[in-house]
Amino acid sequence: MTDYELAHPLYLDVQMMVSFLAYLEGGVYLSSEQTVQREKLRAGKIGHGNEVKLPSLGALLGLESSLNSESSHPIGETAETKVARHHTAASLFNALYGFLHQDNAILTLENLEQLTSVTSGTFVKLSGRYTGNPLEEMLAMFTQVMSYMSEIASSVEEARSQKSANRKSGNPQNRELAGQKGTHPYSELGDQFRDFEQSMEMRFIRKMKEELEGSPIHDVVLETASGIKAVLTVSSEYYDSAVAERLSSGDFVVLGKVTRVLRNGEVINLSRRTVVGKMEDVSDSVTNAMANIPGFTLQSNEPFVSYPAVQILPMAIFV
């Protein structure tokens with residue numbers, strides 16, 4: 001049996017893959033047509049009789065064979081059919097990956113010592129744990145929490161509105177209810193939320209989320225067992241929420257071109273796709289605001305990747 005490995009790409013930059021394959025192969029055929037010839041024996045007929053269908057592989061390919069019940073001697077017959085084969089993006093990637101692997105054109109980045117010899121443009125492969133983008137995940141969590149907080153604040157406001165209406169009511173029982181002591185259990189939390197909702201930090205957070213979601217490029221992170229972090233600059237054309245969910249917290253392989261090697265003391269800011277991320281003072285204020293939502297405590301994740309790390313333009317993230 002041929003020794004081969006089948007890769008299933010969850011993220012695939014089709015444009016990059018096809019351009020590489022076209023250069024190596026002198027062009028890329030996405031489909032092909034093949035003429036298949038088969039020679040078979042069928043029974044000669046004497047008179048008219050009943051034909052019995054014979055199941056065969058040829059029937060699956062559009063050919064048909066039969067046998068006359070009143071046969072006398074075999075007659076040779078040749079049949080041909082045209083079979084169309086279509087490539088998929090994944091099948092083309094497997095062909096390219098197999099070729100590059102056999103030709104030793106890929107550097108497998110496994111340990112820290114290799115970083116000294118890696119330069120921009122090096123074709124590398126890394127295996128590790130996908131950790132995504134902590135900032136994007138924090139913003140997503142923040143948005144979910146804020147929706148719950150909005151429900152709480154609305155509940156507090158409804159209770160106050162009802163109490164005010166009871167005070168003005170002509171019904172003595174309603175006025176009695178309005179005079180009872182006690183407040184909504186989440187009154188303070190609701191007030192804090194409404195104040196925060198109108199704050200400048202909240203406006204920056206919303207804008208930041210819009211910019212990250214609308215960016216043509218996303219920064220996501222994969223970390224190897226040896227501690228090397230790879231910042232993957234994935235294209236939004238091939239990376240969406242479904243891809244992100246499939247990659248979430250799994251171990252995968254990345255194949256791509258190195259675009260930057262971080263040296264000791266250098267960092268990559270994962271909020272660099274936003275205006276806020278380029279304003280250090282504002283960025284710190286926004287991060288602190290997200291980590292201290294009224295009534296909740298979110299663990300703050302610094303949106304920075306530091307040495308040892310590389311930045312990669314990925315062709316594929318696969319398993």
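Everything in this summary refers to the structure shown in the same document.

Each value, and the rule that gives it
- Residues numbered from 1 in each chain as written.
- Predicted model: local features only at pLDDT ≥ 70, side-chain atom pairs only at ≥ 80, totals over all residues.
- Heavy atoms only, no water.
- Helix = DSSP H or I, 4+ residues; strand = E, 2+ residues; numbered from the N terminus.
- Buried < 20%, exposed > 50% of the residue type's maximum accessible area, 1.4 Å probe, protein only.
- Contact = heavy atoms within 4.5 Å.
- Pairing = 2+ DSSP bridges.
- Patch = residues over 30% accessible without salt bridge, like charges linked within 9 Å, V, L, I, M, F, W, Y side chains within 5 Å.
- Areas by Shrake-Rupley, 256 points an atom, 1.4 Å probe, with all protein chains shown as cover.
- Salt bridge = Lys/Arg side-chain N within 4 Å of Asp/Glu carboxyl O.
- Phe/Tyr/Trp six-rings, centres within 6.5 Å; stacked < 30°, edge-to-face > 60°.
- Expected span 1.5 Å × (residues − 1).
- Polar contact = N/O pair within 3.5 Å; in protein donor to acceptor, adjacent residues only side chain to side chain.
- Axes fitted to C-alpha atoms, helices over the stretch in contact; angles between N-to-C directions.
- Parallel < 35°, antiparallel > 145°, perpendicular 65-115°, else oblique.
- Left-handed = near helix turned anticlockwise from the far one by under 90°.
- Nonpolar A, V, L, I, M, F, W, Y, C, P; charged D, E, K, R; others polar.

Helix and strand counts for the protein chain come out as 9 helices and 13 strands. For the protein chain, with 319 residues in total, the buried portion stands at 38%. Pairs at least 24 residues apart make up 77% of the contacts formed inside the protein chain by residues separated by at least 6 positions.

By the bridge criterion, 7 bridges tie strand S7 (residues 123-132) to strand S10 (residues 251-261) in an arrangement that is antiparallel. When the sheet's bridge partners are listed, Gly128 is paired in S10 with Phe252. The pairing of S10 with strand S13 (residues 309-318) spans 8 bridges and is antiparallel. Residue pairing in the sheet places Val261 in a bridge with Val310 of S13.

A contiguous nonpolar surface patch, about 350 Å² in accessible area, is contributed by Tyr23, Leu24 and Phe99. Turning to its location among the elements, Leu24 is positioned in helix H1 (residues 14-25).

Another point: the packing of aromatic side chains. Throughout the structure, instances matching the rule amount to 5 aromatic pairs. Measuring from ring centre to ring centre gives 5.8 Å for Phe93 and Tyr97, while their planes differ by 10°; the resulting arrangement is stacked. One end of the pair, Phe93, and the other, Tyr97, are both in helix H3 (residues 89-102), 4 residues apart, so they sit about a helical turn from each other. Of the two residues, Phe93 and Tyr97, both sit in the buried class. One aromatic cluster in this structure is built from Phe93, Tyr97 and Phe318.

Across its 15 residues, helix H7 (residues 200-214) extends 21 Å between first and last C-alpha, which sits within 8% of the 21 Å expected from 1.5 Å per residue. Inspection of H7 places Met202, Ile205, Met208, Glu211 and Leu212 among the buried residues, and these make up the whole buried set. Structurally, the start of H7 carries an N-cap: the backbone nitrogen of Met202 is 3.3 Å from a side-chain oxygen of Ser199.

Below, the discussion takes up the packing of H1 against H3. Closest axis-to-axis distance for the H1/H3 pair is 10 Å, and the angle between their directions is 55°. Taken as axis vectors, H1 and H3 run oblique relative to one another. Where H1 crosses over H3, the two elements pack in a sense that is left-handed. Of the residues in H3, those touching H1 at Val14, Met17, Phe20, Leu21 and Leu24 are Ala89, Leu92, Phe93, Leu96, Phe99 and Leu100. Split into classes, the residues belonging to the contact of H1 with H3 amount to 11 nonpolar, no polar and no charged.

Attention shifts here to the pattern of salt bridges. By the definition in use, this model includes 8 salt bridges. The partner of Arg160 in a salt bridge is Asp191, with the nearest N and O atoms 3.0 Å apart. With a gap of 31 residues between them, Arg160 in helix H4 (residues 134-167) and Asp191 in helix H6 (residues 187-197) connect regions that are remote in the sequence. By relative accessible area, which is 41% here, Arg160 ends up partly exposed. Its salt-bridge partner being Arg206, residue Glu197 comes within 3.9 Å of it at the nearest N-O pair. Residue classification places Glu197 among the buried residues on the basis of a relative accessible area of 18%. On the basis of relative accessible area, Arg206 is assigned to the partly exposed category, the value being 40%.

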